[in-house]
Amino acid sequence: MEIDNYVGWEEWVSLPELNLPALLAKTDTGAETSALHAFNIQTFGKENNQMVRFGINPIDTDDRFSVFCSAKIIDQRNVTSSNGISELRYVIETEIIIGDVKKKIPVTLTNRENMKYKMIIGRSALDGFQISADKSFLQKILSYDLYKKAKNNKYRRSLRIGILSLEPNNYSNRKIIEAAENNGHFCEILNTKRCYLNIESDNPEVHYDGKVLPHYDAIIPRIGPSITKYGMAVVRQFEAMGTFCLNSSSSIGTSRDKLAAHQSLAINRIPMPDTAFANSPRDTDNIIDLAAGAPLVVKLLESSQGKGVILAETKKAASSVISAFQKLNAPFIVQDFVKDANGSDLRLFVIGGKVVASMIRSASDDDFRSNLHAGGKATKAKITLDERKIAKKAAKAMGLNVAGVDILRSNEGPKVLEVNSSPGLQGIESVNTVNVASLIIDYLEKRLGLSKISK
Ligand code: ADP
């Protein structure tokens, strides 16, 4: 073969499949296989499809800038480096571009930080090149500015996703896992209660069953009302570690706390039923009047699935419920009963500021609560532009990327009842043709800078 391409002892290369457009590399004819200097090298995936996820600081002068990569493991090899130390390394295969030459090469991963050269190019990658060991940069010179320029719009990789949930096998989790796997990702269900936290300012960690949890590209919190506080702490810890969380800890907290949620809706001028809250028993009459008198709805702040929601038809009934709650020291809100809603409400599913699906939930005959858990039924909904707008605004007011917004249809227009941070998928998917789970994964990919998969 005619050799017409020269490389020096140092060159710029790019690894497009790892989203690394410019890397400073050293050629090393003493090594057969090329190597990348990575950190947090961790394996994931399934037994028959083992992947490796690792970080690279591609810019030798800025060790705070990291790129996370994932690739299929093709082999494991014992490599003895120039200092004589032998180490077992994962081998991946990836495309390298040196000047005008593009080729797939095997690359080993080694945990070495703060090295000027992030890559060592071995003999197998230099096949067809002539090496001038006393010269440098004989190929095209690249620049770190390439990291700032437009994203490589063809870039995709397998994501390692953690789902925080107490119910590994429920419909929503199964659908999310299926959608993620269809797009080449891997999910692991993490039981929120079994996570414990190591709160250190320079090295926050989440532990699980006696081990430190690995790094995830994203966390999907499915935090039920029974463990809101602890769930928020776990999500917060992942945020401190720099992991993208589908809904943030603070947005979960605001939407779950009925009082904070209503205040947030009010600040953003989002219509809702008249609502009052007070702590002192002397205010009972006043609270009832504030909520426009009986009939009214009294709700425990901790209520979920309609379990702590009571309809008081008369003022007398309202006062007894209120004083009972006060005696129990159970915080509650008092709300105008929206009779026109006729025992049904509207659930709008919002992902990334867009309404992607909706349903009407109707209460069973003898109830005013339409929660599906309380025996309500889901049917297809035709929603108005106004309802769509209000749902988007409500999700935004809570700061939720994924939200189920519940709206009551009243004669005065739509009124927001609640914004749910872990909306279930079963009801909504049963009356819509869209695959909501796959839209969640698409949104997550977009946030992590992956290009769209062509389906
Ligand atoms: P939870 O968080 O326990 O589900 P909600 O506030 O969502 O509590 O109330 C449960 C159900 O009760 C709603 O889905 C709705 O059907 C009914 N409901 C709640 N508040 C009102 C109200 N102010 N007027 C009419 N119906 C209501």
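Our subject is the structure that appears above.
Thresholds, definitions, all that
Residues numbered from 1 in each chain as written. Predicted model: local features only at pLDDT ≥ 70, side-chain atom pairs only at ≥ 80, totals over all residues. Heavy atoms only, no water. Buried < 20%, exposed > 50% of the residue type's maximum accessible area, 1.4 Å probe, protein only. Helix = DSSP H or I, 4+ residues; strand = E, 2+ residues; numbered from the N terminus. Pairing = 2+ DSSP bridges. Contact = heavy atoms within 4.5 Å. Axes fitted to C-alpha atoms, helices over the stretch in contact; angles between N-to-C directions. Phe/Tyr/Trp six-rings, centres within 6.5 Å; stacked < 30°, edge-to-face > 60°. Lys NZ or Arg CZ within 6 Å of the ring centre and 35° of its normal. Expected span 1.5 Å × (residues − 1). Arc of directions from axis to C-beta. Patch = residues over 30% accessible without salt bridge, like charges linked within 9 Å, V, L, I, M, F, W, Y side chains within 5 Å. Areas by Shrake-Rupley, 256 points an atom, 1.4 Å probe, with all protein chains shown as cover. Salt bridge = Lys/Arg side-chain N within 4 Å of Asp/Glu carboxyl O. Lys, Arg positive; Asp, Glu negative; His and termini not counted. Charge placed at Lys NZ, Arg CZ, Asp CG, Glu CD.

Description of the pairing of strand β15 (residues 205-208)
Right, on to step 1. Side chains Glu205 and His207 project from β15 onto one buried face, and the interleaved Val206 and Tyr208 project onto a second face that is buried too.
Right, on to step 2. As paired elements, strand β14 (residues 195-198) and β15 share four bridges and run antiparallel to each other. Bridge pairing in β15 links Leu197 to Val206.
Right, on to step 3. Connecting the antiparallel pair β14 and β15 is a turn made up of six residues.
Right, on to step 4. One ladder, built from two bridges, connects β15 with strand β16 (residues 211-212); its direction is antiparallel. Within β16, the residue paired with His207 across the bridge is Val212.
Right, on to step 5. Hairpin connection of β15 to β16: two residues between the antiparallel strands, including Asp209 at a positive phi of 50°.

What to know about the sheet that holds strand β20 (residues 296-300)
Right, on to step 1. In spatial order, the strands read β19-β22-β20-β21; together these four strands make up an open sheet with antiparallel pairing. Because the sheet does not close on itself, it has two edges, and the strands there are β19 (275-276) and β21 (309-312).
Right, on to step 2. By the bridge criterion, two bridges tie β19 to strand β22 (residues 332-336) in an arrangement that is antiparallel. Counted as the bridge partner of Thr275 is Gln335 from β22.
Right, on to step 3. Running over the sheet, helix α4 (residues 258-267) touches β19, β20 and β22 and is turned about 45° from β22.
Right, on to step 4. Against the sheet, helix α6 (residues 315-327) makes contact with β20, β21 and β22, and its axis sits at roughly 10° relative to β20, the strand it touches most.

Describing the packing of aromatic side chains
Right, on to step 1. All chains considered together, the criterion is met by nine aromatic pairs.
Right, on to step 2. With 5.4 Å between their ring centres and 70° between their planes, Phe65 and Tyr147 make a pair best called edge-to-face. Of the two residues, Phe65 sits in the loop between β5 (49-56) and β6 (67-72) while Tyr147 sits in the loop between β11 (129-131) and β12 (160-164), which places them 82 residues apart along the sequence.
Right, on to step 3. Both rings, one in Phe325 and one in Phe332, keep their centres 5.9 Å apart while their planes meet at 50°; by these two values the pair is tilted.
Right, on to step 4. On the basis of relative accessible area, Phe325 is assigned to the buried category, the value being 10%.
Right, on to step 5. Exposure remark for Phe332: the relative accessible area of 2% places this residue in the buried category.
Right, on to step 6. In this structure, Arg160 is placed above the aromatic ring of Tyr216, and the distance from its NZ or CZ to the ring centre is 5.4 Å.

Side note on helix α1 (residues 171-182)
Right, on to step 1. The end-to-end C-alpha separation of α1 is 16 Å, in line with the 16 Å expected for twelve residues at 1.5 Å each.
Right, on to step 2. For α1, every residue scored as buried is listed here: Ser172, Asn173, Lys175, Ile176, Ala179 and Ala180. The buried residues of α1 occupy an angular sector of 165° when projected down its axis, which confines them to one face.
Right, on to step 3. In this structure, the buried residues of α1 make contact with β12, β13 (186-190), β17 (218-221), α8 (426-430) and α9 (436-447).
Right, on to step 4. Of the residues flanking the end of α1, it is Gly184, one or two places downstream, whose phi is positive at about 90°.

Quick notes on a positive patch on the surface
Right, on to step 1. Taken together, Arg269, Lys354, Arg388, Lys389, Lys392, Lys393, Lys446, Arg447 and Lys452 make up a surface patch of like positive charges.
Right, on to step 2. Going through the elements one at a time, α7 (385-398) and α9 are the ones with two or more residues in the positive patch.
Right, on to step 3. Here the positive patch gets four residues from one element, more than from any other, and that element is α7.
Right, on to step 4. Within the secondary structure, Lys392 sits in helix α7.
Right, on to step 5. Judged by relative accessible area, which is 34%, Lys392 ranks as partly exposed.

Some words on the environment of Pro414
Right, on to step 1. Within the element layout of this structure, Pro414 appears in strand β27 (residues 413-420).
Right, on to step 2. Pro414 sits 26 residues away from Arg388 along the chain, and the two C-alpha atoms are 9.9 Å apart.
Right, on to step 3. Sequence-distant contacts of Pro414, that is, excluding residues within four places in its chain, are made with Pro271, Asp386, Glu387, Ile390, Ile407 and Leu408.

Observations concerning the pattern of salt bridges
Right, on to step 1. Within this structure, the stated rule accounts for 20 salt bridges.
Right, on to step 2. As a salt-bridge pair, Asp75 and Arg77 come within 3.6 Å of each other at their nearest N and O atoms.
Right, on to step 3. Of the residues examined, Asp75 reaches a relative accessible area of 33% and is grouped as partly exposed.
Right, on to step 4. The partner of Asp145 in a salt bridge is Lys148, and the shortest N-O contact between them spans 3.2 Å.
Right, on to step 5. Overall, Asp145 belongs to the partly exposed group, its relative accessible area being 39%.
Right, on to step 6. One connected set of salt bridges, linked through shared partners, spans Asp345, Arg347, Arg361 and Asp406.

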